[in-house]
Amino acid sequence: MDESYVNLIVNRQGRVGVAQLNRPQALNALNSELMDELVHALHAFDADDSIGCIVVTGSEKAFAAGADIKQMANAGVVEMMNSPFIGYWDAVQRIAKPIVAAVSGFCLGGGCELAMTCDLIVASETAQFGQPEINLGIIPGAGGTQRLTRAVGKSVAMEMILTGRRISAQEALQFGLVSRVFPAASFMEESLKLAAAIADKAPVALRVAKEAVNRAFESTLAEGVLFERRAFNLLFATEDQKEGMAAFIEKRAPVWQGR
């Protein structure tokens, strides 16, 4: 990728695409410019066959401390209704390839919502998660009340959203918000290692698996199982299924073609 970004650092580590939020003076507060660049970068990675997994991360001090309050402080209701800003979070969720949110430091408000639109969250032991919008006289508006509740349960989500309380990385692990907590010294290395393990799998199966797991949160059990069964059967039309099973029988590593 040769695109030039102002608020984002983009690179690749093997088959892993990395998008690093880069507004250090504002603790990576999410404004329209940054979110537009992020969505653009994610679309580019999604269209790149050499990329199997994407990592979204921030700095050691902050993944993202929230949405940029200065950008919306004087907005009215009609302006907010017509604004495309919150749509950026929806755009992140529509990316087909798996996205890992690698969180260190503050992950608050819109930043926490951004992490939750990714497919899994891994955290440094320094991470702090929260939805403090109540302290500003508003509520989360980019999915926080919905995704946080699904991740940690009603009682914990209620406490966090009604009081603005932050939770630590270990609490987030205990509640099910994150999948892994790594030591600060090896956090990024371990995050990239996990993403590389995902990127090493069959590309079509990864995409379908992501859709199937997301369906579990968005439909009934019966509908989800039906979707899973159809997706499972359809994968038998792929070359990667034939290669994967042949490689298993022949006791060798598979060579995926993504078709």
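Here, every reference points to the structure presented above.
Scoring rules and cut-offs
- Residues numbered from 1 in each chain as written.
- Predicted model: local features only at pLDDT ≥ 70, side-chain atom pairs only at ≥ 80, totals over all residues.
- Heavy atoms only, no water.
- Helix = DSSP H or I, 4+ residues; strand = E, 2+ residues; numbered from the N terminus.
- Rg over C-alpha atoms; globule rule 2.2 N^0.38 Å.
- Buried < 20%, exposed > 50% of the residue type's maximum accessible area, 1.4 Å probe, protein only.
- Contact = heavy atoms within 4.5 Å.
- Areas by Shrake-Rupley, 256 points an atom, 1.4 Å probe, with all protein chains shown as cover.
- Lys, Arg positive; Asp, Glu negative; His and termini not counted.
- Charge placed at Lys NZ, Arg CZ, Asp CG, Glu CD.
- Pairing = 2+ DSSP bridges.
- Axes fitted to C-alpha atoms, helices over the stretch in contact; angles between N-to-C directions.
- Disulfide = S-S within 2.5 Å.
- Salt bridge = Lys/Arg side-chain N within 4 Å of Asp/Glu carboxyl O.
- Polar contact = N/O pair within 3.5 Å; in protein donor to acceptor, adjacent residues only side chain to side chain.
- Parallel < 35°, antiparallel > 145°, perpendicular 65-115°, else oblique.
- Left-handed = near helix turned anticlockwise from the far one by under 90°.

### Some points on the overall build of the chain
Thought 1: Counting its secondary structure elements, the chain contains twelve helices and ten strands.
Thought 2: Taken over C-alpha atoms, the radius of gyration comes to 19 Å for the chain, in line with the 18 Å a tight globule of 259 residues would show.
Thought 3: Principal axes of the C-alpha set define a box for the chain whose edges measure 60 × 45 × 40 Å.
Thought 4: Within the chain, buried positions represent 43% of all 259 residues.
Thought 5: Sequence separation of at least 24 residues holds for 67% of the intrachain contacts in the chain that already meet a minimum separation of 6.
Thought 6: Carbon and sulfur atoms form 57% of the exposed surface of the chain, whose accessible area is close to 13500 Å².
Thought 7: Computed over 24 positive and 29 negative side-chain charges, the inter-centroid distance for the chain is 5 Å.

### Brief notes about the sheet that holds strand E9 (residues 167–168)
Thought 1: Taken in spatial order, the four strands make up an open sheet running E4-E6-E8-E9, and their pairing is mixed. Two strands lie at the open edges of the sheet, namely strand E4 (62–64) and E9, each paired on one side alone.
Thought 2: Pairing of strand E6 (residues 106–108) with strand E8 (residues 128–130), which is carried by three bridges, proceeds in the parallel orientation. Within E8, the residue paired with Leu108 across the bridge is Gly130.
Thought 3: Running over the sheet, helix H5 (residues 110–117) touches E4, E6 and E8 and is turned about 90 degrees from E6.

### Regarding the state of the cysteines
Thought 1: Tallying each qualifying case throughout the model produces zero disulfides.
Thought 2: Left without a disulfide partner, Cys53 is nearest to the cysteine sulfur of Cys118, which lies 10.0 Å away.
Thought 3: Looking at Cys112, it has no disulfide partner, and the nearest cysteine sulfur is the one in Cys107, 4.8 Å off.
Thought 4: Here Cys112 falls in the buried class, since its relative accessible area comes to 1%.

### Remarks on the pattern of salt bridges
Thought 1: Within the structure shown, the criterion is met by nine salt bridges.
Thought 2: Note that Arg165 and Glu159 form a salt bridge whose closest N and O atoms lie 2.9 Å from each other.
Thought 3: For Glu159, a relative accessible area of 38% gives the class partly exposed.
Thought 4: Between Glu250 and Arg252 there is a salt bridge whose closest N-O contact spans 2.7 Å.
Thought 5: Here the salt bridges share partners, and the residues they tie into one network are Glu159, Arg165 and Glu171.

### Points about the side chain of Lys97
Thought 1: Relative to the elements of secondary structure, Lys97 occurs in the loop between helix H4 (87–93) and strand E5 (99–103).
Thought 2: This buried residue, Lys97, is left without a salt bridge; Asp46 holds the nearest opposite charge, at 5.0 Å.
Thought 3: Engagement of the side chain of Lys97 in a polar contact is seen with the backbone oxygen of Asp48, the distance being 2.4 Å.
Thought 4: In contact with Lys97, not counting residues within four places along its chain, are Phe45, Asp46, Ala47, Asp48, Asp49, Ile51, Gly52, Ile54, Asp119 and Lys210.

### Some thoughts on the environment of Ser83
Thought 1: Take Ser83: it is sitting in the loop between helix H3 (77–82) and H4.
Thought 2: What makes Ser83 partly exposed here is its relative accessible area of 30%.
Thought 3: Taking the C-alpha atoms as reference, Ser83 lies 13 Å from Met35; in sequence the two are 48 residues apart.

### Focus: the packing of H5 against helix H6 (residues 144–152)
Think of two packed helices as two axes; the pair is described by the angle between the axes and how far apart they sit.
Thought 1: Taken N-terminus to C-terminus, the directions of H5 and H6 make an angle of 60 degrees; their axes are 10 Å apart at the nearest point. Of the possible angle classes, the one that applies to H5 and H6 is oblique. Handedness of the H5/H6 crossing: left-handed. Only Gly144, Arg147 and Leu148 of H6 make contact with H5, whose side of the interface consists of Glu113, Met116 and Thr117.

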